[in-house]
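What follows is the residue order along each chain.
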Amino acid sequence: MAINNAKKIFDKVSAQAVLTEQSDLRQYLTGISTSFGYVLSDKAGTTFYTDPRYLEAAASALKGSDINVKLFQGPLENILKPYSEVAIPVSRTLFPDYMKLADLKLKIVDSTPAFTEAMAVKEEDELELIKKACEIADTAYIALLGRIKEGMSENEVAAELEYLMRKNGASGTSFETIVAFGENSSVPHHETGNRKLKFGDIVLIDFGCIYGGYCSDCTRTFLFGDDKTHSEFKQIYGHVLKAHMLAKERIHEGVTGREADGFAREYLREHNLDKYFTHSLGHGIGINVHEYPNLSPKSEAVLKNNMVFSDEPGVYFEGQFGIRIEDTVALKNGNVISLTDSDKKLTVI
């Protein structure tokens, strides 16, 4: 992956050199995660410049690859002297850093489109890492259900789930775990807090983990005990699940993000629920938990084989409850397959 990705970007950009500083893009090029460094690619190959904190580990990780590892001794202009043209991800570059390059009289080319296109379509080894991250998330979630007790706080449940994901091999979480009890579930991105779990509560958990540098993303909504007051919730849950499954069945290679979103949104509209679906159907997933493509009402992104994205319709009733059902999915052989696959039927624990 390290060799192919660095060369892939250089070939797409067609500049004298490609300079990459952003941590996620560096990781995409090298396969390793660091908080500092520059990746420089030209027709002769690729070099990763880093500081003493990462030098030994980077040299070991990249041994046998086509990426050289060198100590960065600065200033940056020293490694750019051979070039009159350099590509950088312009939209991801701070203005002072951009001006430093401009002051060197370098012609600046934008590498952002090359990264966006390349990172959206995964190689098989990338798909395997995402699949493993999804398997870990599924395993941890199933184990969590047997550990949830009345009186636990949202924070305690989140901590337990994060522990279980790490115990099963994750290096960390893809994002801040969302645990929402009862009325808190009506906030799509609720900030997990100290609300205590009560019998009969609706529970919404949005979670994901990182494995080998790649993310998973999953949401499940369920009941903690059935106090027989949730007939409306149960009916609406069935509609959200149907919207989720319809999107999964109808999305295929060649449809746009707008069309994909519409498969779920139109079904919810038929049941007067579309106005409560306040976000898009999904987003790309890879090294970052939010990547290209977007599956939204305005997205003209064309979905392709080996893209990975979320399928997450949701409806939210202010001050009452919310329901979201989300899987990480991939397009393979023209159709959608689920990578997270724990049970989506309404669970009562």
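These numbers were taken from a predicted model, which means no experiment stands behind them.

Draft legend 1. Quick look at the overall build of the protein. Of regular secondary structure, the protein possesses 10 helices and 19 strands. Taking 2.2 N^0.38 as the reference for a compact globule, 349 residues should give roughly 20 Å; the C-alpha atoms of the protein span a radius of gyration of 22 Å, in line with that estimate. Counting only C-alpha atoms and orienting by the principal axes, one finds that the protein spans roughly 75 × 40 × 35 Å. Considering the protein as a whole, with its 349 residues, one finds that 55% of them fall into the buried category. Roughly 15700 Å² of accessible area belongs to the protein as shown, and the carbon and sulfur atoms make up 50% of that amount. Once the 39 positive and 50 negative side-chain charges of the protein are each reduced to a mean point, those two points are 2 Å apart.

Draft legend 2. Structural view of the pattern of salt bridges. Within this structure, the stated rule accounts for 23 salt bridges. Put simply, Lys 344 and Asp 341 hold a salt bridge, and the shortest N to O gap is 3.4 Å. With a relative accessible area of 9%, Lys 344 lands in the buried category. Here the salt bridges share partners, and the residues they tie into one network are Arg 220, Lys 248, Asp 327, Asp 341 and Lys 344.

Draft legend 3. Structural view of the side chain of Thr 256. Tracing the chain through its elements places Thr 256 in the loop between helix H9 (231-250) and helix H10 (257-270). Setting aside its immediate chain neighbours within four residues, Thr 256 contacts Ser 299, Glu 300, Ala 301, Val 302 and Leu 303.

Draft legend 4. The arrangement of the environment of Tyr 267 in detail. With respect to the helices, strands and loops of the structure, Tyr 267 is situated in helix H10. The spatial distance from the C-alpha of Tyr 267 to the C-alpha of Thr 192 is 30 Å, given a sequence separation of 75 residues. If sequence neighbours within four positions are ignored, Tyr 267 has contacts with His 239, Lys 242, Ala 243 and Leu 246.

Draft legend 5. Region of the structure containing the packing of helix H7 (residues 124-145) against helix H8 (residues 154-167). Here H7 crosses H8 at 135°, and the two axes come no closer than 8 Å. The angle between H7 and H8 falls in the class oblique. Crossing angle aside, the handedness with which H7 passes H8 is right-handed. For the pair formed by H7 and H8, the contact residues are Ile 136, Ala 137, Ala 140, Tyr 141, Ala 143 and Leu 144 on the first element and Val 157, Glu 160, Leu 161, Leu 164 and Met 165 on the second.

Draft legend 6. Representation of unusual backbone geometry within the structure. At the junction of Gly 74 and Pro 75, the peptide bond is cis and its omega measures out at -5° in the coordinates. Topologically, Pro 75 is positioned in the loop between strand S4 (67-71) and helix H4 (76-80). With an omega dihedral of 10°, the bond running from Tyr 292 to Pro 293 counts as a cis peptide bond. With respect to the helices and strands, the residue Pro 293 is situated in strand S14 (residues 291-295). If you check the backbone angles, Lys 105 has positive phi at about 65° while not being a glycine. If you trace the backbone, Lys 105 turns up in the loop between helix H5 (95-103) and strand S6 (107-110).

Draft legend 7. Examining the packing of aromatic side chains more closely. Following the criterion strictly, the structure yields 10 aromatic pairs and no others. Geometrically, the ring pair formed by Phe 36 and Phe 72 is tilted, given 5.9 Å between the ring centres and 55° between the ring planes. Of this pair, Phe 36 sits in the loop between helix H2 (23-30) and strand S2 (38-42) while Phe 72 sits in the loop between S4 and H4, placing them 36 residues apart in sequence. Given a relative accessible area of 23%, Phe 36 falls into the partly exposed group. When its relative accessible area of 18% is taken as the criterion, Phe 72 is described as buried. The interplanar angle of 35° and the centroid separation of 4.3 Å between the aromatic rings of Tyr 276 and Phe 317 together place this pair among those described as tilted. A residue pair is termed long-range when its members are at least 10 positions apart, and Tyr 276 in the loop between H10 and strand S13 (282-284) and Phe 317 in strand S16 (residues 314-317) qualify at 41 residues. Overall, the relative accessible area of 10% leaves Phe 317 in the buried class.

The rules we used
Residues numbered from 1 in each chain as written. Predicted model: local features only at pLDDT ≥ 70, side-chain atom pairs only at ≥ 80, totals over all residues. Heavy atoms only, no water. Helix = DSSP H or I, 4+ residues; strand = E, 2+ residues; numbered from the N terminus. Rg over C-alpha atoms; globule rule 2.2 N^0.38 Å. Buried < 20%, exposed > 50% of the residue type's maximum accessible area, 1.4 Å probe, protein only. Areas by Shrake-Rupley, 256 points an atom, 1.4 Å probe, with all protein chains shown as cover. Lys, Arg positive; Asp, Glu negative; His and termini not counted. Charge placed at Lys NZ, Arg CZ, Asp CG, Glu CD. Salt bridge = Lys/Arg side-chain N within 4 Å of Asp/Glu carboxyl O. Contact = heavy atoms within 4.5 Å. Axes fitted to C-alpha atoms, helices over the stretch in contact; angles between N-to-C directions. Parallel < 35°, antiparallel > 145°, perpendicular 65-115°, else oblique. Left-handed = near helix turned anticlockwise from the far one by under 90°. Phe/Tyr/Trp six-rings, centres within 6.5 Å; stacked < 30°, edge-to-face > 60°.

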